[in-house]
Amino acid sequence: MGMKGKHSKGLKGHPKTWRQEVTHNWPLYVLVLPSIILAVIFCYIPMGGLVMAFQNYKPWLGIRGSEFIGMENFKQIFMFKESYQAIINTLIIAVAKIICGLVVPIVMALLLNEVRHAGLKKGIQTLVYLPHFLSWITVAGMLRDILGLDGIVNSFLQKLGVDPIFFLGEAGMFRQIVVISDVWKGFGFGMIVYLAAISNIDQNLYEAAEMDGANRWQQTIHITLTGILPMIIVMATLSLGNVLNAGFDQVFNLYSPLTYSTGDIIDTYVYRQSLVNGQYSFGTAVGLFKSGVGLLLTAVAYKLAYKFAGYRIF
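Attention here is on the structure that accompanies the text. Computed from a predicted model, the values in this text were never measured in an experiment. (Residues numbered from 1 in each chain as written. Predicted model: local features only at pLDDT ≥ 70, side-chain atom pairs only at ≥ 80, totals over all residues. Heavy atoms only, no water.)

## Some thoughts on the overall build of the protein
Then comes step 1: Assigned secondary structure in the protein consists of 17 helices and two strands.
Then comes step 2: Taken over 314 residues, the protein has a buried fraction of 33%.
Then comes step 3: If you take every contact in the protein between residues at least 6 apart in sequence, the share linking residues at least 24 apart comes to 63%.
Then comes step 4: Carbon together with sulfur atoms contributes 68% to the accessible area of the protein, which is approximately 19500 Å² in total.
Then comes step 5: In the protein, 24 positive and 17 negative side-chain charges are present, and the distance between their average locations comes to 14 Å. (Helix = DSSP H or I, 4+ residues; strand = E, 2+ residues; numbered from the N terminus. Buried < 20%, exposed > 50% of the residue type's maximum accessible area, 1.4 Å probe, protein only. Contact = heavy atoms within 4.5 Å. Areas by Shrake-Rupley, 256 points an atom, 1.4 Å probe, with all protein chains shown as cover. Lys, Arg positive; Asp, Glu negative; His and termini not counted. Charge placed at Lys NZ, Arg CZ, Asp CG, Glu CD.)

Shown next as structure tokens:
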């Protein structure tokens, strides 16, 4: 009997019970136990506080003593101009990030795949991957230094006779800065994913295409791009779950009251309403609304990924 049979069946060939499974693999369960405990404490127990979304929560009364008002907080989400604008901003920024976050890594992976010098290829790959490890606090500090009134960009513009521009204080520029900086920080990781997919393509296909007279552009379109299409579908469908996730860390470290009109997203709006303004019930309702839509979109994304690319995690 092979190893698979030993682990999946008992002595008489029957499937193991949960008690036999735990007894046989108890070291693995002990190893994962701390992670389970932390997940329960910090992820599942706090979910009890979601009941505040259906209450007129008062801190001095607590959850048990606060008045239950049903769906009133959810009705107010689309009644307030600020919350409605936050949803619109989130959709615009998130969709732009998803599109650019797919196109740029694919293009860069295709271009880097054409580099024949191994050392140069690895150097470029490492260089563009490094920003992925930087925190948004670090990146925000860099952007403030570069785009500030006395930053590098404005210093160059002044030499050209152009008045300084407060880029991070201009509402009309804020979304573009957010999207571009997000792509710069994260496209290296996506590029590596696509390069890994390209490396799995049968090299005999390129040789056959070359014998048939196909040039490098035709080989890229009909072989390389077609070969990584399943991975593109997987990455695109899985990113649907992030439609309402525009990046709290990034926006929170970059925005200001001057850019609320175009930069305030659901997460930062919830933060301000709950922790700054003390509207705990309304902030919880907005956050629960976002989580519910995100869960639905994630389920749809996994369904699409399985249907079109055969990808599944369960």
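## Things to note about the packing of helix α7 (residues 118-129) against helix α10 (residues 171-199)
Then comes step 1: Remark: α7 packs on α10, axes separated minimally by 7 Å, with the N-to-C direction vectors making an angle of 140°. Taken together, the axes of α7 and α10 are oblique relative to one another. On α10, the residues touching Gln-125, Val-128 and Tyr-129 of α7 are Phe-187, Gly-188, Phe-189, Met-191, Ile-192 and Leu-195.
Then comes step 2: Here the residues of the contact of α7 with α10 are counted per class, giving seven nonpolar, two polar and no charged. (Axes fitted to C-alpha atoms, helices over the stretch in contact; angles between N-to-C directions. Parallel < 35°, antiparallel > 145°, perpendicular 65-115°, else oblique. Nonpolar A, V, L, I, M, F, W, Y, C, P; charged D, E, K, R; others polar.)

## Quick look at the layout of surface pockets
Then comes step 1: In this structure, the largest pocket occupies an estimated 850 Å³ of space.
Then comes step 2: Forming the boundary of the largest pocket are 28 residues, of which Lys-97, Gly-101, Asp-182, Gly-186 and Asn-242 lie nearest the centre.
Then comes step 3: Residue assignment for the lining of the largest pocket shows that the elements contributing at least two residues are α6 (81-113), α10, α13 (229-238) and α14 (248-254).
Then comes step 4: For the lining of the largest pocket, the element with the highest residue contribution is α10, accounting for eight residues.
Then comes step 5: Tallied by class, residues from the lining of the largest pocket come to 15 nonpolar, nine polar and four charged. (1 Å grid on protein atoms, 1.4 Å probe; cavity = no way out; pocket = protein on both sides within 12 Å on 5 of 7 lines; lining within 4 Å. Points joined across faces, edges and corners; volume = space filled by probe spheres on them.)

## Looking at the pattern of salt bridges
Then comes step 1: All chains considered together, the criterion is met by six salt bridges.
Then comes step 2: It is possible to trace a salt-bridge network through shared partners that takes in Glu-114, Arg-116 and Arg-216. (Salt bridge = Lys/Arg side-chain N within 4 Å of Asp/Glu carboxyl O.)

## Description of the nonpolar core
Then comes step 1: By size, the foremost hydrophobic cluster in this structure holds 22 residues, and its most contacted members are Ala-109, Met-191, Tyr-194, Leu-195, Ile-198 and Ile-228.
Then comes step 2: Broken down by secondary-structure element, the contributors of at least two residues to this core are α6, α10 and α11 (203-211).
Then comes step 3: Sorting elements by how many residues they give to this core places α10 first, with eight residues.
Then comes step 4: Other than its neighbours up to four places away in sequence, Leu-195 contacts Ala-109, Leu-112, Asn-113 and Gln-125.
Then comes step 5: Formed by 18 residues, the second largest nonpolar core is a distinct cluster that contains Trp-136, Ala-140, Phe-167 and Val-178. (Core = buried A, V, L, I, M, F, W, Y, C linked by side-chain atoms within 4.5 Å.)

## Describing the environment of Met-235
Then comes step 1: On the secondary structure map, Met-235 appears in helix α13.
Then comes step 2: For the pair Met-235 and Gly-101, spaced 134 residues apart in the sequence, the C-alpha separation amounts to 9.7 Å.
Then comes step 3: With sequence-adjacent residues up to four places away left out, Met-235 is seen in contact with Leu-102, Val-193 and Tyr-194.

## Observations regarding the environment of Leu-205
Then comes step 1: Inspection of the secondary structure puts Leu-205 in helix α11.
Then comes step 2: The spatial distance from the C-alpha of Leu-205 to the C-alpha of Leu-238 is 29 Å, given a sequence separation of 33 residues.

## Comments concerning the packing of aromatic side chains
Then comes step 1: Considering all chains together, one arrives at nine aromatic pairs under this definition.
Then comes step 2: Taking 5.0 Å as the distance between ring centres and 75° as the angle between the ring planes, the aromatic pair formed by Phe-252 and Tyr-271 counts as edge-to-face. With Phe-252 in helix α14 and Tyr-271 in helix α16 (residues 266-276), the pair connects residues that are 19 residues apart, well separated along the chain.
Then comes step 3: Classification of Tyr-271 by relative accessible area gives partly exposed; the value is 29%.
Then comes step 4: Judged by centre distance (6.0 Å) and plane angle (85°), the rings of Tyr-269 and Phe-282 are edge-to-face. Remark: Phe-282 occurs in helix α17 (residues 280-309) and Tyr-269 occurs in helix α16; sequence separation between them is 13 residues. Across the pair, Phe-282 and Tyr-269 agree in class, each one buried. (Phe/Tyr/Trp six-rings, centres within 6.5 Å; stacked < 30°, edge-to-face > 60°.)

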